[in-house]
Amino acid sequence: MIVCVAVVGHQNNPLYIQSFTEADDALKLHHIVHCSLDVVDERVNNPKRSGPTLNETFLGLLYPTENYKVYGYLTNTKVKFILVTTDLDVRDADVRNFFRRFHSAYVDAVSNPFHVPGKKITSRTFAERVSGIVKSFGLSSAG
């Protein structure tokens, strides 16, 4: 089950963070997202140690914790997508598909002429689309 998704700008500024759990966990999930940025920077700046090619946008599993697994994705414009899940046996193909759909929703949101680049994403349509993607991820990984 996905518990948090985040969009982080190229200067590590949060553009969108949505948690799908109780309010008590929101601060902890924001901390996990923030800590994952160090792992993203390490993989981007030291590509020979990380394994995937430089063209690969899917960063894979950033790090597991006791209760969560954190996955990352890096766009061509250095915007980072972070996914936090409680499922400990998630397939990479499902996560790649999630990030592909999430990236498409992000592109549509920032292509809005009223969106100011580098500012938080406040679009209700984007939030609804993300919720739909998260719900469909839960259904596809269970099946």
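Residues numbered from 1 in each chain as written. Predicted model: local features only at pLDDT ≥ 70, side-chain atom pairs only at ≥ 80, totals over all residues. Heavy atoms only, no water.

Student: I tried to follow the sheet that holds strand 1 (residues 2–8) on my own but got confused; where do I start?
Tutor: Across a sheet, paired strands are connected by hydrogen bonds in the backbone, their directions being either parallel or antiparallel. In spatial order, the strands read 2-1-5-4-3; together these five strands make up an open sheet with antiparallel pairing. In this open sheet, the two edge strands, each paired with only one partner strand, are strand 2 (14–19) and strand 3 (58–64). Within this sheet the neighbouring strands show an average axis-to-axis angle of 15°, counted without direction. Bridge analysis of strand 4 (residues 69–74) against strand 5 (residues 80–85) gives six bridges, and the strand direction is antiparallel. Among the inter-strand pairings, Leu74 is bridged to a residue of strand 5, identified as Lys80. Running over the sheet, helix 3 (residues 92–110) touches strand 1, strand 2, strand 3, strand 4 and strand 5 and is turned about 135° from strand 5. (Pairing = 2+ DSSP bridges. Helix = DSSP H or I, 4+ residues; strand = E, 2+ residues; numbered from the N terminus. Axes fitted to C-alpha atoms, helices over the stretch in contact; angles between N-to-C directions. Contact = heavy atoms within 4.5 Å.)

Student: I'm lost on the layout of surface pockets in this one. Help?
Tutor: Where empty space is left becomes clear once a probe the size of a water molecule has been rolled over the atoms. Approximately 190 Å³ is the volume attributed to the second largest pocket. Looking at the second largest pocket, it is lined by 14 residues, and the ones nearest its centre are Leu15, Val79, Tyr106, Pro117 and Gly118. Along the lines of polarity and charge, the residues of the lining of the second largest pocket split into six nonpolar, seven polar and one charged. (1 Å grid on protein atoms, 1.4 Å probe; cavity = no way out; pocket = protein on both sides within 12 Å on 5 of 7 lines; lining within 4 Å. Points joined across faces, edges and corners; volume = space filled by probe spheres on them. Nonpolar A, V, L, I, M, F, W, Y, C, P; charged D, E, K, R; others polar.)

Student: Got a minute to help me understand the pattern of salt bridges in this structure?
Tutor: Two side chains that carry opposite charge are able to pair once their charged atoms sit near each other. What the rule picks out here adds up to two salt bridges. With a shortest N-O distance of 3.1 Å, Asp94 and Arg91 are connected by a salt bridge. Given a relative accessible area of 12%, Asp94 falls into the buried group. The closest approach of N and O atoms between Arg129 and Asp108, which form a salt bridge, is 2.5 Å. With Arg129 in helix 4 (residues 124–142) and Asp108 in helix 3, the pair connects residues that are 21 residues apart, well separated along the chain. Judged by its relative accessible area of 32%, Arg129 is partly exposed. (Salt bridge = Lys/Arg side-chain N within 4 Å of Asp/Glu carboxyl O. Buried < 20%, exposed > 50% of the residue type's maximum accessible area, 1.4 Å probe, protein only.)

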